[in-house]
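What follows is each chain in one-letter form.
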Amino acid sequence: MRQLLEPATTWLMEAKHARRGLAVTRIVLGLIVWTQLLVNLPDRHYTWGDGTAWSEPIRSLDAWPSFLGAFVAADGRLFDLLYLATIASGFLLMLGWHTRTMTAATLLLWLSMYTTNPFVGSGGDAVLRMVLLYLCFTESGAFWSLDARRGRPTPRLPEWFGTTLHNLAVVLIIHQVVIVYVASALWKVQSPVWLDGTAVYFPLQVEAYSPWRDLLHPITSAEPIVLAATWVSVAIQLMFPVLLLYRPLRAIALVMITGMHLSIGLAMGIMYFSLVMIAVDMMLVSDVTWRRIEHEVRRRVGRDRWNDGDERLVRSATEPVRGD
Amino acid sequence: MTEPSDDTADDRAERVPGAAGEAAERPSALRTAFVLCAVLVAATQLVFITAAAMPPNRASEALRPATSYQNPFFTQNWRLFAPSPISSDRSILFQAAYEVDGELVTTDWVDWTDVELGAVRQHVIGGRAGYVTNKFHSSLAGRHRALSDEQRRAVDVVDPVATPSWEEVEQRVTGAGADPSQRLRAQRWLTYEGSVIALGTVVVQARHRDVELVAVRYRLRTQAVTPYADRRLPRDEREAARPAPVERTSGWRAALPPTGAELDAVERFDRRHR
């Protein structure tokens, strides 16, 4: 028993895992929040503001706590101020400025806005809010953030305390993303259209989810493509947790699932839903890989700068990267 | 994303300063108790989330009372394309009646879903408002299906002159031979009916600001997409091969006047996407 527990305890308490992956997740989630609100800026009052008063009876059926009522109570300019505050908090979360505080502020503001209209939310919003909550317990600002540039503050609590919470939050995030895929696949295999390989065809014919109209029709009506897309998407979702266990297969799984999300997002015009899933998947890429990517980017950027005559940057790029 | 080297190299690089030294020490009782509690909470969450997310099975049914704490924050509903993907266009249309010289005049139907789709049509990154009535449609249809035939007949008012008050609608639908469970369904239907009529009132009022609406009704339209077998036909023939739309028109209900701010917000949206 001791032999089983010791590696688990060591994994849990000795080192914070996936900090670079979490940084990427944080950056993309922050980007999703503030850019999405900018895209929706002209329609904000109809989507989440005064124009949602008609949905009040249905909204009251949901059991959201009253402290999330800021957007519901706000109208006119106060609503606009809260909306701008949400954009700002998402932007600062992306930059990693007072990361933990901004994570909590983004979660609170986003959720308060989300609850104003029961018919605007999507599966992506559900994943976003859960992951933001878990991110509050992690050190997602340890890399590629303004916090990281300022240096590491002296921790007020014992190190093991933060490390344990960080790693448990990592487990919960990974579990959540795995559950999304596996549960979705198990629901799908109960339907004949997924089993006969035609399922992908149907949503692409629905007006709300076909922004390309007939442009993509030659592709979306080709039987081999429809068949492959239908079966591969179910297989990859169903097998996702198994594929994560073996490193070479993990890379293949991540490439395929990211490709699937990009295809869905672009073809169906639901890019933000796809981006949320991609953001969370990115924390499954190991920190060693992220470090290599960072190193490569620095080297390439340095080389370009060097070509422009800035030798100093080349030197800094060849130095060991932070955290090595 | 490939990973040729051993993962432990990763962990060594990220080790918390001082953690190795701490690990060598005997853990304090406080630390042990905290870690055990944290692990227990996380493990419970893992089990309950798994149970709530899976399709119905014996284990998840047994755990259902314990998983109710997840709603609404941790609600596990991953069924956008499952079990069967969306395969029909769904629209909500509104019509209203107003009085002119003692006579009731009805407006044209307003296809509000079509207006909302203006926010997403030909946009790879569209507005979130583009799907509001698309999602509302299935909730409304579900609430109506839950009513008994007798309840449906009781509130099916086809003449705007005979529009009942909301109190009358409630009495009719909850009193129409309804047992307690049917009354509960009727109350839920009434909530959704009130919301859709409030939306219909503000939508039609935004286009007819100079009249006072007295009654509103809505129509749910569903049209399946072109069958898979006909997908290779030319565009016009594919459209013709679609099954005929299925429509349900509600009874007339008393209008629910909006606030000025709500009216302005809807009018601006209508102008932008019409």
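Every chain begins its residue count from 1, and numbering advances along the sequence as written. Lettering for chains starts from A, numbering for ligands starts from 1, and both go in the order in which the items are written. Local features in a predicted model are, by the rule used here, given only for residues with pLDDT of at least 70; side-chain atom pairs are given and counted only at 80 or more, and totals for whole chains, interfaces and linings are based on all residues.

Chemist: Just give me the short version of the overall build of chain B, but keep the residues and values in it.
Modeler: Put simply, DSSP marks the helices as runs of H or I at least four residues long and the strands as runs of E at least two long, and each gets a number from the N terminus on. Each helix and strand in chain B was counted, giving 11 helices and 6 strands. Burial in this document is a count-based property: other C-beta atoms within 10 Å of a residue's C-beta are tallied, and the residue is buried at 20 or more, exposed at 12 or fewer, or partly exposed in between, with C-beta positions derived from the backbone. Across the 274 residues of chain B, 32% fall into the buried class. Long-range pairs, those at least 24 residues apart, make up 61% of the contacts in chain B between residues at least 6 apart in sequence. Contact between two residues is assigned whenever their backbone-derived C-beta positions fall within 7 Å.

Chemist: Requested: an account of the overall build of chain A, with residues and values cited.
Modeler: When you go through chain A residue by residue, the secondary structure sums to 17 helices and 0 strands. The principal-axis extents of the C-alpha atoms in chain A amount to approximately 60 × 55 × 55 Å. Sequence-distant contacts in chain A: of pairs separated by 6 or more residues, those separated by 24 or more amount to 75%.

Chemist: Run through the UniProt feature "transmembrane region" (unreviewed entry) in chain A, naming residues and quoting values.
Modeler: The UniProt record annotates "transmembrane region" (unreviewed entry) at residues 21-39, 81-97, 104-120, 126-146, 167-187, 225-246 and 253-280 of chain A. With 100% helix and 0% strand, residues 167-187 of chain A has end C-alpha atoms that lie 30 Å from one another. UniProt positions are given in the numbering used here, feature names are shortened, and annotations may be inferred rather than shown by experiment.

Chemist: Account for the nonpolar core, with residues named and values stated.
Modeler: Looking at soluble globular proteins, one finds that nonpolar side chains tend to be buried together. Only buried residues count toward a nonpolar core: Ala, Val, Leu, Ile, Met, Phe, Trp, Tyr and Cys, linked into one set through C-beta atoms within 7 Å. In terms of nonpolar packing, the biggest core is built from 141 residues, with Val131(A), Ile173(A) and Val276(A) touching the most fellow members. Two domains share this core, each providing at least three of its residues, namely domain 1 (1-85) and domain 2 (87-273) of chain B. Once residues within four sequence positions are removed from consideration, Val131(A) is found in contact with Thr25(A), Leu29(A), Ile173(A), Gln176(A) and Val280(A). Start and end points for every domain follow an automatic or database-based domain assignment.

Chemist: Which residues make up the UniProt feature "transmembrane region" (unreviewed entry) in chain B, and what values do they have?
Modeler: Summarizing the sequence annotation, UniProt attributes the feature "transmembrane region" (unreviewed entry) to residues 33-54 of chain B in the numbering used throughout. Between the C-alpha atoms that bound residues 33-54 of chain B there is a distance of 32 Å. The span itself is 95% helix and 0% strand.

Chemist: Break down the packing of helix H8 (residues 123-135) of chain A against helix H15 (residues 271-281) of chain A for me, with residues and values.
Modeler: All names here are of chain A. Axis definition: a line fitted to C-alpha atoms, limited for helices to the stretch in contact. Angles are taken between N-to-C directions and run from 0 to 180 degrees. Running from N to C, H8 and H15 point in directions that differ by 35 degrees, and their axes come no closer than 8 Å. Classified by chirality, the crossing of H15 by H8 is left-handed. Counted together, Gly123, Gly124, Val127, Leu128 and Val131 of H8 and Tyr272, Phe273, Val276, Met277 and Val280 of H15 form the full contact between these two elements. Of the residues contributing to the contact of H8 with H15, the split by class is 8 nonpolar, 2 polar and no charged. A crossing counts as left-handed when the near helix is turned anticlockwise from the far one by less than a right angle, and as right-handed when that turn is clockwise. Classification convention: Asp, Glu, Lys, Arg as charged; Ala, Val, Leu, Ile, Met, Phe, Trp, Tyr, Cys, Pro as nonpolar; all other residues, Gly among them, as polar.

Chemist: Hey, could you go over the UniProt feature "domain: HTTM-like" (unreviewed entry) in chain A for me, with residue numbers and the actual values?
Modeler: In the UniProt entry, the feature "domain: HTTM-like" (unreviewed entry) is given for residues 14-289 of chain A. Secondary structure across residues 14-289 of chain A divides into 67% helix and 0% strand, with the first and last C-alpha atoms of the span separated by 21 Å.

Chemist: Describe the interface of chain B and chain A, naming the residues involved and giving the relevant values.
Modeler: In this assembly, 88 residues from chain B lie in contact with 82 residues from chain A. Looking at the side of chain B that touches chain A, the elements that each hand over two or more residues are helix H1 (8-14), helix H2 (19-24), helix H3 (29-53), strand S1 (88-100), helix H6 (132-145), helix H9 (180-207) and helix H11 (260-273) of chain B. Grouping the constituent residues of the side of chain B that touches chain A by class yields 47 nonpolar, 22 polar and 19 charged.

Chemist: Quick one: what's the story with the pairing of S1(B), residue by residue and with numbers?
Modeler: Residues and elements named next belong to chain B. Counting buried residues in S1 gives 10 out of 13 residues, a clear majority hidden from the surface. In the sheet, S1 pairs with strand S3 (residues 110-111) via 2 bridges, with the strands oriented antiparallel. Each bridged residue has a counterpart across the sheet, and for leucine 93 the counterpart in S3 is aspartate 111. With 4 bridges connecting them, S1 and strand S2 (residues 103-106) associate as antiparallel partners. Paired with tyrosine 98 across the strands is valine 105, a residue of S2. Any two strands with at least two DSSP-identified bridges between them are counted as paired. The turn linking S1 back onto S2 is made up of 2 residues, and aspartate 101 within it adopts a positive phi angle of 50 degrees.

Chemist: Give me the lowdown on the environment of Pro164(B), citing residues and values where you can.
Modeler: Residues and elements named next belong to chain B. Tracing the chain through its elements places proline 164 in the loop between helix H7 (149-154) and helix H8 (166-175). Of the residues examined, proline 164 has 18 C-beta atoms within 10 Å and is grouped as partly exposed. Taking the C-alpha atoms as reference points, proline 164 and threonine 174, separated by 10 residues in sequence, lie 14 Å from one another.

Chemist: So what about H15(A)? Which residues, and what values?
Modeler: Residues and elements named next belong to chain A. Of all the 11 residues making up H15, 11 are buried; the element is thus mostly covered by neighbouring parts of the structure. Regarding H15, the residues found buried are Met271, Tyr272, Phe273, Ser274, Leu275, Val276, Met277, Ile278, Ala279, Val280 and Asp281. Against the buried residues of H15 lie helix H2 (19-39), H8, helix H10 (159-188) and helix H14 (247-268).

Chemist: Pulling in residues and values, what's your account of the environment of Leu165(A)?
Modeler: Topologically, Leu165(A) is positioned in helix H10. As a C-alpha pair, Leu165(A) and Glu14(A) span 151 residues in sequence and 12 Å in three-dimensional space. Other than its neighbours up to four places away in sequence, Leu165(A) contacts Phe137(A) and Ala38(B).

Chemist: Break down the packing of helix H7 (residues 99-114) of chain A against H8(A) for me, citing the residues and quoting the values.
Modeler: Two quantities define a packed helix pair, namely the angle between the helix axes and the distance between the axes. Residues and elements named next belong to chain A. Across the interface, H7 lies against H8 with an axial gap of 9 Å and an inter-helix angle of 150 degrees. When the axes of H7 and H8 are compared, the pair comes out roughly antiparallel. In this structure, H7 meets H8 at a crossing whose hand is left-handed. Mapping the contact onto sequence places Thr103, Thr106, Leu107, Trp110, Leu111 and Tyr114 in H7 and Asp125, Arg129, Leu132, Leu133 and Leu135 in H8. Each residue belonging to the contact of H7 with H8 can be placed in one class, and the counts come to 7 nonpolar, 2 polar and 2 charged. Note on angle classes: values under 35 degrees are labelled roughly parallel, values over 145 roughly antiparallel, values of 65 to 115 roughly perpendicular, and the remainder oblique.

Chemist: Break down the confidence of the model for chain B for me, citing the residues and quoting the values.
Modeler: Residues and elements named next belong to chain B. Every residue is assigned a pLDDT by the predictor, reflecting its confidence on a scale from 0 to 100. When pLDDT is averaged along chain B, the result is 88, and 89% of the positions lie at 70 or above. Here residues 1-13 is a poorly scored stretch, pLDDT under 50, and it has 20 contacts once near neighbours within four places are set aside; other chains count. Contacts of residues 16-23 to residues separated by more than four positions or lying in other chains number 16 contacts, the stretch itself having pLDDT below 50. Interface confidence for the predicted complex, expressed as ipTM, amounts to 0.88; the pTM equals 0.89.

Chemist: Outline unusual backbone geometry, supporting the account with residue identities and numerical values.
Modeler: Each neighbour pair has its own omega, and for Asn71(B) with Pro72(B) the value is 0 degrees, a cis peptide bond. Along the chain, Pro72(B) turns up in the loop between helix H4 (58-67) and S1. That bond from Ala82(B) to Pro83(B) is cis: its omega, -5 degrees, falls within 30 degrees of zero. Within the secondary structure, Pro83(B) sits in the loop between H4 and S1. Even without being glycine, Ala18(A) reaches a positive phi, approximately 55 degrees. Tracing the sequence through the fold places Ala18(A) in the loop between helix H1 (2-13) and H2. The phi dihedral of Arg213(A) falls on the positive side, at around 50 degrees, and the residue is not glycine. Overall, Arg213(A) belongs to the exposed group, with 11 C-beta atoms counted inside 10 Å.

Chemist: Help me get a handle on H11(B), residues and values and all.
Modeler: Compared with an ideal rise of 1.5 Å per residue, which puts 14 residues at 20 Å, H11(B) spans 20 Å between its outermost C-alpha atoms and is within 8% of the ideal. Taken together, the buried positions of H11(B) are occupied by Glu262(B), Leu263(B), Ala265(B), Val266(B), Phe269(B) and His273(B). Down the axis of H11(B), the buried side of the element spans an arc of 165 degrees, and every buried residue falls inside it. Along H11(B), the residues that are exposed and aim more than 90 degrees away from the buried face are Gly260(B) and Arg271(B). Buried residues along H11(B) sit against helix H3 (44-47) of chain A together with helix H5 (112-117) and H9 of chain B. An expected span of 1.5 Å times one less than the residue number is assigned to each helix. Starting at the helix axis, one direction is taken to each C-beta atom, and the arc is that of these directions.

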